[in-house]
Amino acid sequence: MSAAVFVAGAGIISGIGNNVPECLSALENSTTGIDRISYLRTNHQGILPASEVRLSNAELALLSGFSPPTSRNVMLSMVAAKEAWDNSGINSIQGLRTGFVSATTIGGMDKTENFFIDFVADRKKGRLRDLAYHECGNVSQAVAEKLGIKHHVSTISTACSSSANAIMYGARLIKHNMLDAVIAGGTDALARFTLNGFNTLLILDEQYCQPFDENRRGLNLGEGAGYIVLVSERVAKALKKEPDCSLTGYCNFNDAYHQTASSPDGDGPYGAMTGALRMSGLQPKDIDYINLHGTGTSNNDSSEGAAIKRLFEPHYPKMSSTKTFTGHTLGASAGIEAVFSILSIKEGIVYPNLRLQTPMAELPFVPETSFSRDQNIKNVLSNSFGFGGNCSSLIFSKN
Amino acid sequence: MDKLISELKEQIAAQLKMKNIKPEDIGDDEPLFGAGLGLDSLDVLELIVLLKQKYKLRVASAEDGQKVFRSVRTMAEYITANQVQTA
Amino acid sequence: MKVYIRSAACISPQKTFENSSFLDEVVEHTGNRLNCIEPDYHDIIDPKLTRRMSRVIKMSVASAFACLKQAGLDKPGAIVTGTAYGCLEDTGTFLTNMVEQDEEPLSPVAFVQSTHNTIGAQIALLLKCNGYNNTFVNGSISFENALLDAMMMLTENVDNILVGGMDEITDMSHAILIRTGLYKRTSISNFDLFKSTSKGTIGGEGASFFVLTNTTSENDLACIDAVSTFHKPGDMVETTRHIESFFEAQDINNTNIDLLILGNNGDAKNDEIYSQLKQSVFNGVASVNYKNLCGEYPVSTAFASWIGANIIKSNHIPESLNPERSKKAPIRRVLIYNHYQNIHHSLILLSSC
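Residues numbered from 1 in each chain as written. Chains lettered and ligands numbered in written order. Predicted model: local features only at pLDDT ≥ 70, side-chain atom pairs only at ≥ 80, totals over all residues.

Undergrad: So, the overall build of chain A: which residues are in play, and what are the values?
TA: Counting its secondary structure elements, chain A contains twelve helices and 13 strands. Its C-alpha atoms give chain A a radius of gyration of 20 Å, within 12% of the compact-globule value 21 Å for 399 residues. With the C-alpha coordinates aligned to their principal axes, the bounding extent of chain A is approximately 60 × 55 × 40 Å. Contacts spanning at least 24 positions in sequence make up 78% of the contacts within chain A whose residues lie at least 6 apart. (Helix = DSSP H or I, 4+ residues; strand = E, 2+ residues; numbered from the N terminus. Rg over C-alpha atoms; globule rule 2.2 N^0.38 Å. Contact = placed C-beta atoms within 7 Å.)

Now the structure itself:
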């Protein structure tokens, strides 16, 4: 099994921009994407803030090349996946075995929940075509077909760690010499289903979220998609441009503590981070930046914080939660944050953890509060911890 | 209060899908969480929904919920106290 | 490295759960919906915990526990599941509540349990299993994706991997699928599924689990030699080409496959593909069908794999599968071939250990 997996391209669409340059600009300027909900029709408009992609479904249709009744989730996925594909230069090489490993938690739920408005009243009502993308796999297949990827398509759904697991799976398919190149990542559009679901769990913040703040109140949801193109060493050498970095470590570890909460000592996060480090051969002090899962819930930030203290004490790297910009994009979050991690290495930048006023008293470290450039970022750890105890960590390293 | 306690037991059993437990078997003062009935944090959230749906009362957080839902009696007392205030 | 099926368990519309006999009797279902025959979960899962669990979770947990018990394991090294629909009951409940109560207040348990990874997560939670845990949701190849993940992992220093495929029918999902025209309009017996010439199939469900390992033992059922899938072939030429490539890669042909397990589902147009392949690339190979036993559902190949593994272990094809001709020679190599609405096609090759 060959060891090296390189990152050849990245693509993203989120509440802070419709592509990599736009998102980068927002990150540099500390411009959050969290705002009053304006695109999703919901009774919670004006009460619960979220980070929506600033495009209507009609506008997304034009951008993605899908026709307007298509699920918003499909269109978001297409835009980001295509950007990653195009900027990787993979198209210049013939005869590659390519794959698409995508993650999502909602599938086409943005359309299904509209179907249900009519269906609940009368089971003969509701437009069946609204269910065309209900199944998660149909979202991935639609995008793969448009990109012309036939060798392998799979879809993963493990709550908030989904796209980290998609990236891991894609990397392993390359290491096992089953594929030469994989677009891996995830997508989730904002839907009433998830907005109401999280609301009923009482973990949404009615103000703009403050991850890792002593007085944090919960999370803000977001939407978007983030994909990276992973390639084998052979393909990396054949490409015209240098790969952005390598994926040197990853780990999928289950907390097995509770259906939704993380263990207080952070066993799950600790297991995922140590596993990723072990694979990469790095020591904790070799990590230059941690992209935190940092949702802003009382439980996650305590649990993740406790795990970081256990693992990194006394050498704490710079760290921040970019969910303060993009909101929590669920199935897309690890994909989006993988893109940010890669940019951190490529551009030598570290992002701020916005709106941090009072550091958590229980933790001996404080996330970054301002944007910095000209940093020597060699290794980045990206965390994603989800419901069901699904904890995953990725490590990207400079070549 | 007794009538409310009795109604609450039925509602709790239904909301939490307790098929194997008869409502009348739940003690008035039996701890609902931990060693008593063995409910957990997700059940707290379900009971918060119950309070809102049936009694139009809002419990702001899961932490507040832990206090209100200590036993069926504390729930009944909370409902009685807060419904009087809104009358 | 060989992949051994150490144990297999399933809950299906037949009496397959914890039954020492292998499909000795077949249960008749009439109508267009085959519901699973479920055990009394009281003795299998702590009753305090089952109160929240939907059917698909209970069926999966019970099958997973039985599978681990058969393998003599307290917990697996990893858990990988494949499901096309996920937890439909809870999804339907939450959606209905959302509509009827105009977005509040809503059941948190229904929301939490509607997520596709709930099944794998519940199993991990009950067993306190910290190992790798993943859920594939790519329609009718979700189980094949899970198998592939597990097979790769067996070469990555992880052993005793619990792999499962599950999908359920609910009243709502059934009502919707009827409207898509997938099912027969008139009521038939599953016994007559392959005699019927009317359009449509019958709905099914099930949860099937396997423990996969890279170390051999005398209790192993079978080996998994290869898994392959392909998507929306343009025509029969392309379908045949994919199968021939698979044959070549596995160094097999129609003279050294002992049995085919085919995914005919009783819909004439759907089954035309199998008929044509039986005259070409599958010519002369004995075959059986299985969807009259379990109905049509996306991850039915998990049930087919349970059948295939048990056929190899017992070296016997139950009469209930209506084998085309009596097969006296040892049954060493079984190929499962299925397609779901000509969108996803899959091949799973099993052999004796």
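Undergrad: Account for the domain arrangement of chain C, naming residues and giving values.
TA: Residue and element names in this part refer to chain C. Looking at chain C, the domain boundaries give domain 1 (4-213) and domain 2 (222-351). Placing a centre on the C-alpha atoms of domain 1 and another on those of domain 2 gives a separation of 22 Å. Listed as interface residues are 45 residues of domain 1 and, on the opposing side, 36 residues of domain 2. Mapped by element, the contributors of at least two residues to the side of domain 1 that touches domain 2 are β1 (4-11), α6 (142-153), β4 (161-167) and β5 (206-213). (Domains from an automatic or database assignment.)

Undergrad: Please provide a residue-by-residue account of the interface of chain A and chain C, values included.
TA: Contacts between the two partners involve 46 residues from chain A, matched on the other side by 43 residues from chain C. Listing elements by their share of the side of chain A that touches chain C, those giving two or more residues are α4 (109-121), α5 (136-147), β5 (152-156), α6 (162-175), α7 (192-200) and β9 (245-254) of chain A. Sorting elements by how many residues they give to the side of chain A that touches chain C places α7(A) first, with five residues. The class makeup of the residues in the side of chain A that touches chain C is 16 nonpolar, 24 polar and six charged. (Nonpolar A, V, L, I, M, F, W, Y, C, P; charged D, E, K, R; others polar.)

Undergrad: Describe unusual backbone geometry, naming the residues involved and giving the relevant values.
TA: Residues and elements named next belong to chain A. Residue proline 314 follows glutamate 313 across a cis peptide bond; omega there is -5°. For proline 314, the location among the structural elements is in the loop between α10 (298-312) and β11 (318-320). In this structure, leucine 202 takes a positive phi of about 55° despite not being glycine. Its place among the elements puts leucine 202 in the loop between α7 and β7 (221-222). Taking the number of C-beta atoms within 10 Å as the measure of exposure, leucine 202 has 19 and is therefore partly exposed. (Buried ≥ 20, exposed ≤ 12 C-beta atoms within 10 Å, placed from the backbone.)

Undergrad: Go over the sheet that holds strand β2 (residues 35-36) of chain A with me, naming the residues and quoting the values.
TA: Residue and element names in this part refer to chain A. With respect to topology, three strands assemble into an open sheet ordered β2-β3-β7, the strand pairing being mixed. Lying at the two open borders of the sheet, with one neighbouring strand each, are β2 and β7. With two bridges connecting them, β2 and strand β3 (residues 49-51) associate as antiparallel partners. Its bridge partner being in β3, arginine 36 is matched across the sheet by proline 49. (Pairing = 2+ DSSP bridges.)

Undergrad: How would you explain the packing of α4(A) against helix α3 (residues 88-100) of chain C if you had to name every residue and give the values?
TA: Two elements in contact, α4(A) and α3(C), have axes whose closest approach is 9 Å; the angle formed by their N-to-C orientations is 70°. The angle between α4(A) and α3(C) falls in the class roughly perpendicular. Mapping the contact onto sequence places A:Glu113, A:Phe116, A:Ile117 and A:Val120 in α4(A) and C:Leu95, C:Thr96, C:Met98, C:Val99 and C:Glu100 in α3(C). Taken together, the residues that form the contact of α4(A) with α3(C) break down as six nonpolar, one polar and two charged. (Axes fitted to C-alpha atoms, helices over the stretch in contact; angles between N-to-C directions. Parallel < 35°, antiparallel > 145°, perpendicular 65-115°, else oblique.)

Undergrad: Give me the interface of chain B and chain C: which residues, what numbers.
TA: Taken together, the contact between chain B and chain C spans twelve residues of the former and ten residues of the latter. Across the side of chain B that touches chain C, the residue classes break down as five nonpolar, three polar and four charged.

Undergrad: I'd like a rundown of the pairing of β1(C), residues and numbers included.
TA: Residue and element names in this part refer to chain C. Counting buried positions along β1 gives eight out of eight residues, so the element sits mostly inside the fold. In the sheet, β1 pairs with β5 via seven bridges, with the strands oriented antiparallel. In the strand pairing of β5, alanine 9 is matched with phenylalanine 209. Here two bridges tie β1 to strand β6 (residues 222-231), and the two strands are oriented antiparallel to one another. Pairing of isoleucine 5 across the sheet is with alanine 222, part of β6.

Undergrad: Give me the lowdown on helix α9 (residues 267-280) of chain A, citing residues and values where you can.
TA: Residue and element names in this part refer to chain A. In this model, α9 (14 residues) spans 20 Å end to end at C-alpha, consistent with the 20 Å of a helix rising 1.5 Å per residue. Counting buried positions along α9 yields eleven of 14 residues, so the element is predominantly enclosed. Residues of α9 that are buried in the fold lie against β9, α10, β12 (379-385) and β13 (390-397). Among the residues trailing α9, glycine 281 stands out with phi positive, at a value near 75°. (Expected span 1.5 Å × (residues − 1).)

Undergrad: Which residues make up the domain arrangement of chain A, and what values do they have?
TA: Residues and elements named next belong to chain A. Assigned domains within chain A: domain 1 (5-238) and domain 2 (248-397). Placing a centre on the C-alpha atoms of domain 1 and another on those of domain 2 gives a separation of 20 Å. At the interface, 60 residues of domain 1 touch 53 residues of domain 2. Ranked by the residues each element gives to the side of domain 1 that touches domain 2, the list is headed by α6, at seven residues. For the side of domain 1 that touches domain 2, the residue count by class is 28 nonpolar, 25 polar and seven charged.

Undergrad: Could you give me a rundown of helix α2 (residues 41-55) of chain B, with the residues and numbers involved?
TA: In this model α2(B) runs 21 Å from its N-terminal to its C-terminal C-alpha over 15 residues, within 8% of the 21 Å that 1.5 Å per residue would give. For α2(B), the complete set of buried residues consists of B:Leu42, B:Asp43, B:Val44, B:Leu45, B:Glu46, B:Leu47, B:Ile48, B:Val49, B:Leu50 and B:Leu51. As for α2(B), its buried residues are in contact with α7 of chain A, α1 (2-15) and α3 (62-68) of chain B together with α4 (108-112) of chain C. After α2(B) finishes, the residue B:Lys56 shows a positive phi value of roughly 55°.

Undergrad: Lay out the packing of α7(A) against α3(C) with the relevant residues and their values.
TA: Each packed pair of helices is defined by two parameters, the angle between the axes and the distance between the axes. Where α7(A) meets α3(C), the axes come as close as 11 Å, and the angle between the chain directions of the two elements is 90°. Here α7(A) is positioned roughly perpendicular relative to α3(C), judged by the angle of their axes. Of the residues in α3(C), those in contact with A:Arg192, A:Phe193, A:Asn196 and A:Gly197 of α7(A) are C:Phe94, C:Leu95 and C:Met98. Here the contact of α7(A) with α3(C) is built from residues that sort into four nonpolar, two polar and one charged.

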